[in-house]
Amino acid sequence: MGCVSAVPPPRNDDAPDAPQAPDGRGGRRSVAVALLLGALGATVVLLASGRVWARGTAAVGGGSLPLTADGRAVTGLPAALAIVGLAALVAVFAVRGRSRLLVSGLLALSGLGAALAAVLAADDRQALDAQAARTTADTAAQVGALTHTAWPYITAAGGALILIAGLLALRFGSGWPAMGGRYERDGSPRPRKAAVVDPDRPEDLWKALDRGEDPTR
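This report concerns the structure included in the present document. (Residues numbered from 1 in each chain as written. Predicted model: local features only at pLDDT ≥ 70, side-chain atom pairs only at ≥ 80, totals over all residues. Heavy atoms only, no water.)

## A word on the pairing of strand 1 (residues 52-60)
One ladder, built from eight bridges, connects strand 1 with strand 2 (residues 63-70); its direction is antiparallel. Residue pairing for strand 2: A59 is matched across the bridge by S64. Where strand 1 lies against strand 3 (residues 144-148), three bridges are found, and the strand directions are antiparallel. Within strand 3, the residue paired with A54 across the bridge is H148. (Pairing = 2+ DSSP bridges. Helix = DSSP H or I, 4+ residues; strand = E, 2+ residues; numbered from the N terminus.)

Shown next as structure tokens:
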């Protein structure tokens, strides 16, 4: 009959199935990356939307008049969604639980929408045609020698950065800290500061006794 030892066998911490302690550095890194990408993406979208997206000419008299259209004239959707993305990026750290999940989804969708709107409007000519009609006072006028710049695609790249920030928030946001947590009330009764009792004032002594306090302490 074999001997039974009460000493547990030595642990092998190098075993592949040994549980690993959670590392908070990954969560902090994802917060920093999401903030950087979201803020950078929104800045790129707002700046690139103000640049010239399209150039052309309008026939006026015997010559031609150069025309240009910036991104906001072509479509104001990317800039508007970038502002929504910035607001959602801040709100991610102001809410918790399911609300944080919803705000993170809004952040991702605003980036996706900004990128798609910029790409779809990259070869748009309606803004310049409308400008040509106003310039020549001819509603049927169309812009000629139409060319497009790379700014719509730069705008789309900024929207993609916002999208990545939203995806990071959806993936890791549940472990991110919430700002202003120390200001939130936990439902516990707030300690009441004892009133100062002047022993030379009888009315203060009576008020302290009415409150159940010992005025002699």
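And the narrative resumes.
## Observations concerning the side chain of T75
By the secondary structure assignment, T75 is in the loop between helix 2 (71-74) and helix 3 (77-91). In this structure the side chain of T75 is engaged in a polar contact, spanning 3.3 Å, whose partner is the backbone nitrogen of L77. When residues no more than four places from it in sequence are discounted, the contact partners of T75 are W53, A117 and A121. (Polar contact = N/O pair within 3.5 Å; in protein donor to acceptor, adjacent residues only side chain to side chain. Contact = heavy atoms within 4.5 Å.)

## Some details on the sheet that holds strand 3
Strands sit in the order 2-1-3 across an open sheet of three strands; the sheet is antiparallel. In the strand order of this sheet, the two ends are held by strand 2 and strand 3, each with one partner. Sheet twist, expressed as the mean angle between neighbouring strand axes with direction ignored, is 15°. (Axes fitted to C-alpha atoms, helices over the stretch in contact; angles between N-to-C directions.)

## Concerning a nonpolar patch on the surface
Together, L109, L112, L116 and L120 make up an exposed nonpolar region whose accessible area comes to about 430 Å². Considering the arrangement of structural elements, one finds L109 in helix 4 (residues 97-120). Assessed through its relative accessible area of 57%, L109 is described here as exposed. (Patch = residues over 30% accessible without salt bridge, like charges linked within 9 Å, V, L, I, M, F, W, Y side chains within 5 Å. Areas by Shrake-Rupley, 256 points an atom, 1.4 Å probe, with all protein chains shown as cover. Salt bridge = Lys/Arg side-chain N within 4 Å of Asp/Glu carboxyl O. Buried < 20%, exposed > 50% of the residue type's maximum accessible area, 1.4 Å probe, protein only.)

## Focus: the packing of aromatic side chains
Inspection of every chain in the model, using the stated rule, returns one aromatic pair. An angle of 10° between the planes, with centres 5.5 Å apart, marks the rings of F93 and W176 as stacked. Here W176 lies in the loop between helix 6 (151-172) and helix 7 (202-210) and F93 lies in the loop between helix 3 and helix 4, a separation of 83 residues in the sequence. Each of the two residues, F93 as well as W176, counts as buried. (Phe/Tyr/Trp six-rings, centres within 6.5 Å; stacked < 30°, edge-to-face > 60°.)

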